[in-house]
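Overview (structure and organization)
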2 protein chains.
Amino acid sequence: MPDNKISMAVIKRLPKYHRYLKDLLDKDVHRISSKELSRIIGFTASQIRQDLNNFGGFGQQGYGYNVEDLYHEIGKILGLTKPYNTVIVGAGNLGQALANYTSFGDYGFKLQGIFDINPRLVGMRISNTDVYDMEDLGAFIKEKNVELAFICTNKEGAQDVADRLVEADIRGIWNFAPVDLNLPEEIVVENVHLIDDLLTLSYFLKEKPETEA
Amino acid sequence: MPDNKISMAVIKRLPKYHRYLKDLLDKDVHRISSKELSRIIGFTASQIRQDLNNFGGFGQQGYGYNVEDLYHEIGKILGLTKPYNTVIVGAGNLGQALANYTSFGDYGFKLQGIFDINPRLVGMRISNTDVYDMEDLGAFIKEKNVELAFICTNKEGAQDVADRLVEADIRGIWNFAPVDLNLPEEIVVENVHLIDDLLTLSYFLKEKPETEA
């Protein structure tokens, strides 16, 4: 556990730094100033210096940042130093879309199984992963040491799935069902409420005057 | 345009209020105190009073909030007083998942068409909506008065799609491709960067001590 608390706002920006640093490495860029990083990432240079100072300050006056060091350091802060076993619950379109995001695997998130209640889907393979019966979820989580589950069921089924996951000692839940789950405090949860994002878009569409042709 | 600027944090909470108020209406609850609303929604009662005061304060001492009034008032603030024509670009699993979210239609987001470059998908119907050739995107946007597009392509194709949309005078983009788009300032954009959410989860999993059995 860190001694100093990092603010939620900083934590939320870290994945973006991580993504852009990865792109730079892919382009063989090994050194970058806060000014140049600011230009490509869209945060101000002073914001960047302040953010990265939270972790000991990797930049050197007149040199800038070593991209590789910074990338690995942020990866460590984000907990990417060990793989996580994951499962997807709900093999509909969204579950299948997530199963096909091969980049999750690149980050160390290893998809071990997909679960559904629909007997027509059980036994199928999606993105090289077997679809299992929901009844076997709890035993599978324990046996395969799964730490993280993606819930891709409908609203009605989500809480029951969450209860089973908690019962099986899951550590984290990524919830895509359009409902807020009742979970014990020790479970880490991220909700992707798509309708909330869409309504935020709608708010800003309303606020912006329509351009006249 | 509103006279007083509402903070981003408040705007981001409005859809959640809207969702919960809808649930209350569905359960025939027509009146609620900030304390009770606090219990179900998870914000503090003082946070709720403060948030809702931004819009003129709908609560009455000793009565609480009229659920229906509050629901409609927040809907108005969120721009839900008129329908929006939308298109989905990219008919893969994610595009199909979004096409099947019928609840978007309930909020007034009318899906007019789905676009893809894959000739095997063009001509199909997904969730009662036709899949069209990407070449026809610009003309379609203009003809059908489409204001909002959901980009569900891969990383490589997203910027080209965005350029076509801008060229056709789109007003808003909901971007699910794992890349930040270059867009003119007048375009409203919301990015759903799934990997960023997943890395935030990973951060918190690292921070929380594993429970011992």
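Relevant structure appears above.
Residues numbered from 1 in each chain as written. Chains lettered and ligands numbered in written order. Predicted model: local features only at pLDDT ≥ 70, side-chain atom pairs only at ≥ 80, totals over all residues. Heavy atoms only, no water.

Quick word on unusual backbone geometry
Glycine aside, negative phi is the norm for most residues, and most peptide bonds take the trans geometry. Even without glycine at this site, Asn 145 of chain A takes up a positive phi of about 55°. With respect to the secondary-structure elements, Asn 145 of chain A resides in the loop between helix H7 (137–143) and strand E7 (148–151). Positive phi values are uncommon outside glycine, yet Asp 169 of chain B reaches one of about 65°. For Asp 169 of chain B, the location among the structural elements is in the loop between helix H8 (155–167) and strand E8 (172–175). (Helix = DSSP H or I, 4+ residues; strand = E, 2+ residues; numbered from the N terminus.)

Comments concerning the pairing of E8 of chain B
Residue and element names in this part refer to chain B. Burial along E8 is two-sided: Gly 172 and Trp 174 and Ile 173 and Asn 175, pointing in opposite directions, are all buried. One ladder, built from four bridges, connects strand E7 (residues 148–151) with E8; its direction is parallel. Of the residues in E8, the one forming a bridge with Phe 150 is Trp 174. In the classification by handedness, the crossover that spans E7, the intervening H8 and the parallel E8 is right-handed. (Buried < 20%, exposed > 50% of the residue type's maximum accessible area, 1.4 Å probe, protein only. Pairing = 2+ DSSP bridges. Right-handed = clockwise from strand over helix to strand, strands pointing away.)

What to know about the nonpolar core
By size, the foremost hydrophobic cluster in this structure holds 105 residues, and its most contacted members are Phe 104 of chain A together with Phe 104 of chain B. Not counting residues within four places of it along the chain, the set of residues in contact with Phe 104 of chain B comprises Leu 194, Ile 195 and Leu 198 of chain A together with Leu 98, Phe 109, Phe 150 and Trp 174 of chain B. (Core = buried A, V, L, I, M, F, W, Y, C linked by side-chain atoms within 4.5 Å. Contact = heavy atoms within 4.5 Å.)

Remarks on the sheet that holds E7 of chain A
The seven strands are arranged E5-E6-E4-E3-E7-E8-E9 (chain A) in an open sheet whose pairing can be described as mixed. The open sheet has two edge strands with one neighbour each: strand E5 (125–126) and strand E9 (188–191) of chain A. In the sheet, strand E4 (residues 109–116) of chain A pairs with strand E6 (residues 129–133) of chain A via three bridges, with the strands oriented parallel. Following the sheet pairing, Phe 115 of chain A is matched in E6 of chain A by Tyr 132 of chain A. Seen against the sheet, helix H9 (residues 194–207) of chain B touches strand E3 (84–89), E4, E7, strand E8 (172–175) and E9 of chain A and runs at an angle of roughly 165° to E9 of chain A. (Axes fitted to C-alpha atoms, helices over the stretch in contact; angles between N-to-C directions.)

Some remarks on the relation of the copies chain B and chain A
At an RMSD of 0.0 Å, chain B and chain A line up after a rotation of 180° and a shift of 0.0 Å along the axis. Put plainly, the chains are arranged around a two-fold axis. For chain B, the smallest separation between a C-alpha atom and the rotation axis is recorded for Asn 93 of chain B, amounting to 2.7 Å. A symmetric contact is evident, with 100% of the interface residues of chain B recurring at the interface of chain A. (Least-squares fit on C-alpha atoms with pLDDT ≥ 70 in both.)

Section: the pattern of salt bridges
All names here are of chain B. Evaluated as defined, the whole model comprises 28 salt bridges over all chains. With a closest N to O distance of 3.8 Å, Glu 73 and Lys 76 form a salt bridge. In this pair, Glu 73 and Lys 76 are both assigned in helix H4 (residues 67–77), three residues apart and thus about one turn of the helix distant. A relative accessible area of 26% places Glu 73 in the partly exposed class. (Salt bridge = Lys/Arg side-chain N within 4 Å of Asp/Glu carboxyl O.)

Brief notes about the packing of helix H1 (residues 8–26) of chain A against helix H3 (residues 45–53) of chain A
All names here are of chain A. Across the interface, H1 lies against H3 with an axial gap of 11 Å and an inter-helix angle of 105°. When the axis of H1 is compared with that of H3, the two are roughly perpendicular. Of H3, the residues touching H1 (which contributes Val 10, Arg 13 and Tyr 17) are Gln 47, Ile 48, Asp 51 and Leu 52. Residues belonging to the contact of H1 with H3 are distributed by class as follows: four nonpolar, one polar and two charged. (Parallel < 35°, antiparallel > 145°, perpendicular 65-115°, else oblique. Nonpolar A, V, L, I, M, F, W, Y, C, P; charged D, E, K, R; others polar.)

Some words on the side chain of Ser 202 of chain B
Take Ser 202 of chain B: it is sitting in helix H9. Ser 202 of chain B sits in the buried class, given a relative accessible area of 0%. Excluding anything up to four places from it in sequence, Ser 202 of chain B contacts Leu 78, Gly 79, Leu 80, Tyr 84 and Phe 109 of chain A.

Notes on the packing of aromatic side chains
Residues and elements named next belong to chain A. This structure, assessed with the given rule, holds 22 aromatic pairs over all chains. Taken together, Tyr 101, Phe 104, Phe 150, Trp 174 and Phe 176 form an aromatic cluster joined through their ring pairs. When the ring centre of Phe 43 is taken as origin, the NZ or CZ atom of Arg 13, which lies over that ring, is 5.9 Å away. (Phe/Tyr/Trp six-rings, centres within 6.5 Å; stacked < 30°, edge-to-face > 60°. Lys NZ or Arg CZ within 6 Å of the ring centre and 35° of its normal.)

Things to note about the interface of chain B and chain A
Contacts between the two partners involve 64 residues from chain B and, on the opposite side, 64 residues from chain A. A buried area of about 6,100 Å², summed over both sides, lies between chain B and chain A, and 65% of it is on carbon and sulfur atoms. Where chain B touches chain A, the interface holds six salt bridges. Counting the contacts that link chain B with chain A gives 20 residue pairs in polar contact (both at pLDDT 80 or more). For the side of chain B that touches chain A, the secondary structure elements donating two or more residues are helix H1 (8–26), H4, helix H5 (93–99), E7, E8, strand E9 (188–191) and H9 of chain B. Of the residues forming the side of chain B that touches chain A, the biggest block, 14 residues, is contributed by H9 of chain B. (Buried area = accessible area lost by both parts, 1.4 Å probe. Polar contact = N/O pair within 3.5 Å; in protein donor to acceptor, adjacent residues only side chain to side chain.)

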